[in-house]
Amino acid sequence: MENSNVSLTEEIKRLKKERDAAIMAHYYTDGEIQDLADVVGDSLALAQVARTLPNKVIVLCGVHFMGETTKILCPDKTVLVPDMEAGCSLADSCPADEFEKFVKEHPDHTVVSYVNTSAAVKALTDVVVTSSNALKIVKALPEDAKIIFGPDRNLGNYISSETGRKMLIWDGACHVHEQFSLEGIIRLKKEHPRAKVLVHPECKQAVVLLADKVGSTAALLNYAKESPAREFIVATESGILHKMRLQCPEKTFIPAPPEEAGCACNNCAYMKLNTLEKLRDCLRDLAPEIEVDPLIASEAVKSIDRMLSMSE
Ligand code: 13P
Ligand code: SF4
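Residues numbered from 1 in each chain as written. Chains lettered and ligands numbered in written order. Predicted model: local features only at pLDDT ≥ 70, side-chain atom pairs only at ≥ 80, totals over all residues. Heavy atoms only, no water.

Engineer: So what's going on with the environment of V6? Residues and values would help.
Structural biologist: Looking at where V6 falls in the secondary structure, it is placed in helix α1 (residues 3-18). For V6, a relative accessible area of 35% translates into the label partly exposed. Between the C-alpha atom of V6 and that of Y114, which follows or precedes it by 108 residues, the distance is 38 Å. (Helix = DSSP H or I, 4+ residues; strand = E, 2+ residues; numbered from the N terminus. Buried < 20%, exposed > 50% of the residue type's maximum accessible area, 1.4 Å probe, protein only.)

Written as C-alpha cells, this is what we have:
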C-alpha cells in the first residue's frame, strides 16, 4: 500500500472511532474499501446486519438504494454514503410513478420487487427480494398468487423459469450485467475446459444457461470456496474478485469478458465512486447523509421486513 493510502486508512480508522461509526461495504466496492469495512456482504447480508450494529453512525459503501434500505431499517441512526451520486442503472430503470401506474393496472397482484429499487418503489411493494432469497420467497407465495415482478427482466425470467410461476415482469436491466458476452465466455470455456462458470442472475438468459452456479455475490463466493475446482469464470461485477482471490488464494478467477472488446464494462461505475478519500471526508463531515421521507419509509419498511422474516 502506498504511503498516502496508509495515512488515509489511519485517518479513517481514527474518525470511525471518534464518530462511533460502522462501515458496511458491498462486494463490488474497491478492495481497499472492503478491507477497511466492519461488514462486507451481498445486499441481503447488509440488510440483515444493519439493525444489529450498535454504532450511532453507519457508512454504507455501495450504492444509493443500499443506503436507503439501511436508513429505512435504522431510522434513528445517521446513515452516510461517501458519494450521493452512486446510483444504480437497474433502480433507475423503474421510476416510482410509472411503477405505481403498472401496479394500479393490476390490483389483484402480489408485488415482488428486487432490492435494487428506490424507497418509493419499495413502498408500493408487498415483499422485497434479493438475488439470495428470490427463489425461496417466490416459492413460498400461494400457488395461485398473481405476481408482478420488478424491475430486473433477467432476474424475473430466471425466477419464473426456476419456480414455474408466471409473472408480469417489468422491463428493466443492469447495464453491467447485460454486457457479458456469450461468445466470450464460450471462448474462455474452450481455453479453460475445467473452469466452472459463476453467473449473477441479472445476466442475460443465454449467459445464465452456461452457468455451473447462478447466485448472488455471496452465493458465488461461497460456491468458489467450497468447490474442488481450481478455475472459475466469473460473470458479475469485477469487485467480487477481490474477496474470491483473498479467500481462495490457490484458485484462479477469470473475469468474464464484456461484449465490447477493451471496455471496462464489468466495472459498476457507481460502485467505484466509493473511494478512500470520500469515505474519510464523509466521516469527517458527517455528510452526505441519507434521508428518506417518513411516510415512504413507513410503507417501505413493511416490504423489507417481510423479506427478512421470509429469509429465515
Ligand atoms: P447481490 O445482492 O448479489 O450482492 O447483488 C447486488 C447487485 O447490485 C447486483 O448487481
Ligand atoms: Fe446497480 Fe448494476 Fe451497479 Fe448492481 S452492478 S449496483 S445492479 S448498476
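Engineer: For the site of ligand 1, give the residues involved together with the corresponding values.
Structural biologist: Close to ligand 1 lie H26, Y28, D42, S43, N116, S131, H177, H200, E202, S216 and T217, which account for all nearby residues. Within the contact set of ligand 1, an oxygen atom lies 2.8 Å away from a side-chain nitrogen or oxygen of S43. In the environment of ligand 1, an oxygen atom lies 2.7 Å from a nitrogen or oxygen atom belonging to the side chain of T217. Grouping the amino acids of the shell around ligand 1 by side-chain chemistry returns one nonpolar, eight polar and two charged. (Near = heavy atom within 4 Å. Polar contact = N/O pair within 3.5 Å; in protein donor to acceptor, adjacent residues only side chain to side chain. Nonpolar A, V, L, I, M, F, W, Y, C, P; charged D, E, K, R; others polar.)

Engineer: A description of the sheet that holds strand β6 (residues 127-129) should follow, citing residues and the corresponding values.
Structural biologist: Adjacent strands of a sheet form backbone hydrogen bonds with each other and so pair up, either parallel or antiparallel. Taken together, four strands build an open sheet; the order of strands is β6-β5-β7-β8 and the sheet is parallel. Either end of the sheet is taken by a strand with one partner, and the two such strands are β6 and β8 (167-169). Across the sheet, the axes of successive neighbouring strands diverge by a mean angle of 25°, strand direction being ignored. Each of β5 (109-114), β7 (146-150) and β8 touches helix α6 (residues 96-104); the most contacted strand, β7, lies at about 170° to it. Taken strand by strand, helix α9 (residues 153-163) contacts β5, β7 and β8, and its axis lies near 165° from that of β8. (Pairing = 2+ DSSP bridges. Axes fitted to C-alpha atoms, helices over the stretch in contact; angles between N-to-C directions. Contact = heavy atoms within 4.5 Å.)

Engineer: Could you give an account of the state of the cysteines, with specific residues and numbers?
Structural biologist: Applying the stated rule across the entire model yields one disulfide. In this model, C263 is linked to C265 through a disulfide, with the two sulfur atoms separated by 1.7 Å. With the S-S dihedral at roughly -130°, the linkage between C263 and C265 falls on the left-handed side. For the pair formed by C263 and C265, the shared burial category is buried. The closest cysteine sulfur to the non-disulfide-bonded C61 is located on C282, 6.8 Å from its own sulfur. Judged by relative accessible area, C61 falls into the buried class, the value being 0%. Judged by relative accessible area, which is 0%, C282 ranks as buried. (Disulfide = S-S within 2.5 Å.)

Engineer: Pulling in residues and values, what's your account of the packing of helix α3 (residues 43-50) against helix α4 (residues 64-73)?
Structural biologist: When two helices pack together, their arrangement is given by the angle between the helix axes and by the axis-to-axis distance. Put simply, α3 and α4 touch, their axes get as near as 9 Å, and they point 25° apart. Between α3 and α4, the angle is such that the two are roughly parallel. The chirality of how α3 crosses α4 is right-handed. In this structure, α3 contributes S43, L46, A47 and A50 to the contact, and α4 contributes M66, T69, T70 and L73. Across the contact of α3 with α4, the residue classes tally to five nonpolar, three polar and no charged. (Parallel < 35°, antiparallel > 145°, perpendicular 65-115°, else oblique. Left-handed = near helix turned anticlockwise from the far one by under 90°.)

Engineer: Which residues make up the pattern of salt bridges, and what are the values?
Structural biologist: Applying the stated rule across the entire model yields 17 salt bridges. Across the pair E11 and R280 runs a salt bridge, and its minimum N-O distance is 3.2 Å. Taken together, the positions of E11 in helix α1 and R280 in helix α14 (residues 276-285) put the pair 269 residues apart, joining distant regions of the chain. Look at R280 and you get buried, because its relative accessible area is 17%. Taking the shortest distance from any N to any O, the salt bridge between K16 and D38 comes out at 2.8 Å. Of the two residues, K16 is situated in helix α1 and D38 in the loop between α2 (31-36) and β2 (39-41); the sequence distance between them amounts to 22 residues. It is possible to trace a salt-bridge network through shared partners that takes in E11, R280, D281, R284 and D285. (Salt bridge = Lys/Arg side-chain N within 4 Å of Asp/Glu carboxyl O.)

Engineer: How would you summarise α9 if you had to cite specific residues and measurements?
Structural biologist: All of the buried residues along α9 are N154, L155, G156, Y158, I159, S160 and T163. Contact partners of the buried residues in α9: β5, α8 (134-140), β7, β8, α11 (205-208) and β10 (213-214). Positive phi appears at G164, one or two residues downstream of α9, with a value of about 75°.

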